[in-house]
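What follows is the residue order along each chain.
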Amino acid sequence: NGGSYIETVPKRGYRFTADVIGICPASIERVMTPQPAEAPTPSPVATTTAEPDENSLAVLPFENVSADPNFEYLSDGLTESIINGLSPLQNLRVSACNTVFRYKAKEMDPQEIGRKLGVRSVVTGRIVHLGERLIFSTELIDVTHGWQMWGEQYHRGMSDVLALQQELSAAICSHLKARLSREERKRLGKYYTEDPEAYHLYLKGR
């Protein structure tokens, strides 16, 4: 505003007469340093998680709870036979044997395994061998909600394993409400051998 800021002091020199305001060095640095342009905030992107196919299924390795480990072939062979019987069906998506057997003997919740496999339902089973008798317990579980969609216990003889496989496959399709053609129904009920011993040898070979 045109005022004088310097005053003469006799025999001493000069002095500064204007009011002084202290400024923090950091503030000066912020003012003097060019600030980068603020990046625009990205717009939120909507994400969607695909729901598993309604008729997608994993048959988890059946558990041999018998005292005799020699019957492991039966639990594994029955699992594989059911997967192989169901996988060709047009309206049913079934996880492959190599995929599900990664979870054999692992202490994991079936619902958690189903989520990892990306399926809507899982089948579990336990086999007890008592002499010439078999007790097979199974259930069909809805992966999304953890509901039991179906459960059954079968008491069969060793010679009835082939019939048990066919019965299980038909029950799974029925409770999943999978639409089967006439040819597919015939295929599910097809017996490749009438000899129970030959079928057991086949399972051992697999």
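What you are looking at is a predicted structure, and each value in this text was computed from that prediction instead of being measured. (Residues numbered from 1 in each chain as written. Predicted model: local features only at pLDDT ≥ 70, side-chain atom pairs only at ≥ 80, totals over all residues. Heavy atoms only, no water.)

### Some words on the packing of helix H2 (residues 72-86) against helix H5 (residues 161-176)
Close contact between H2 and H5 brings their axes to 10 Å; oriented N to C, the two are set at 50°. The angle between H2 and H5 places the two elements in the oblique class. The two elements H2 and H5 cross, and the hand of that crossing is right-handed. Seen from H2, the contacting residues are Leu74, Leu78, Ser81, Ile82 and Leu86; seen from H5, they are Val161, Leu164, Gln165, Leu168, Ser169, Ile172 and Cys173. (Axes fitted to C-alpha atoms, helices over the stretch in contact; angles between N-to-C directions. Helix = DSSP H or I, 4+ residues; strand = E, 2+ residues; numbered from the N terminus. Parallel < 35°, antiparallel > 145°, perpendicular 65-115°, else oblique. Left-handed = near helix turned anticlockwise from the far one by under 90°. Contact = heavy atoms within 4.5 Å.)

### Side note on the nonpolar core
Ranked by internal contacts, the top residues of the largest apolar core, which has 42 residues, are Leu57, Leu78 and Leu86. Looking at this core, the elements with two or more residues in it are strand S3 (56-59), H2, helix H3 (97-100), helix H4 (110-117), strand S6 (121-130), strand S7 (133-142), strand S8 (148-157) and H5. Once residues lying within four places of it in the same chain are set aside, the contact partners of Leu78 are Phe62, Ile127, Phe136, Val161, Leu164, Gln165, Leu168 and Leu203. (Core = buried A, V, L, I, M, F, W, Y, C linked by side-chain atoms within 4.5 Å. Buried < 20%, exposed > 50% of the residue type's maximum accessible area, 1.4 Å probe, protein only.)

### As for unusual backbone geometry
Backbone geometry at Ala105 places phi at a positive 60°, although glycine is not the residue there. A relative accessible area of 79% means that Ala105 is categorised as exposed.

### Focus: the side chain of Ser75
With respect to the element layout, Ser75 can be found in helix H2. In terms of polar contacts, Ser75 uses its side chain to reach the backbone carbonyl oxygen of Glu72, at 3.0 Å. The residues contacting Ser75, other than those within four sequence positions of it, are Phe62, Glu63, Asn64 and Ile127. (Polar contact = N/O pair within 3.5 Å; in protein donor to acceptor, adjacent residues only side chain to side chain.)

### Quick look at the side chain of Asp142
Within the fold, Asp142 resides in strand S7. No salt bridge is formed by the buried Asp142, whose closest oppositely charged neighbour, Arg120, lies at an N-O distance of 4.1 Å. In terms of polar contacts, Asp142 uses its side chain to reach the backbone amide nitrogen of His145, at 2.8 Å. Residues within four places of Asp142 in sequence aside, it is in contact with Arg120, Trp147 and Met149. (Lys, Arg positive; Asp, Glu negative; His and termini not counted. Salt bridge = Lys/Arg side-chain N within 4 Å of Asp/Glu carboxyl O.)

### Regarding the environment of Glu54
Residue placement: Glu54 occurs in the loop between helix H1 (25-32) and S3. Taking relative accessible area as the criterion, Glu54 reaches 59% and is therefore assigned exposed. Separated by 66 residues in the primary sequence, Glu54 and Arg120 place their C-alpha atoms 5.8 Å from one another.

### Considerations on the packing of aromatic side chains
The final tally for this structure, using the stated rule, is 2 aromatic pairs. Centroid distance Phe62 to Phe136: 5.0 Å. Interplanar angle 75°. Geometry classified as edge-to-face. Remark: Phe136 occurs in strand S7 and Phe62 occurs in the loop between S3 and strand S4 (63-64); sequence separation between them is 74 residues. Each member of the pair, Phe62 as well as Phe136, carries the same accessibility label: buried. Cation over ring: Lys106 sits above Tyr103, and NZ or CZ is 5.8 Å from the ring centre. (Phe/Tyr/Trp six-rings, centres within 6.5 Å; stacked < 30°, edge-to-face > 60°. Lys NZ or Arg CZ within 6 Å of the ring centre and 35° of its normal.)

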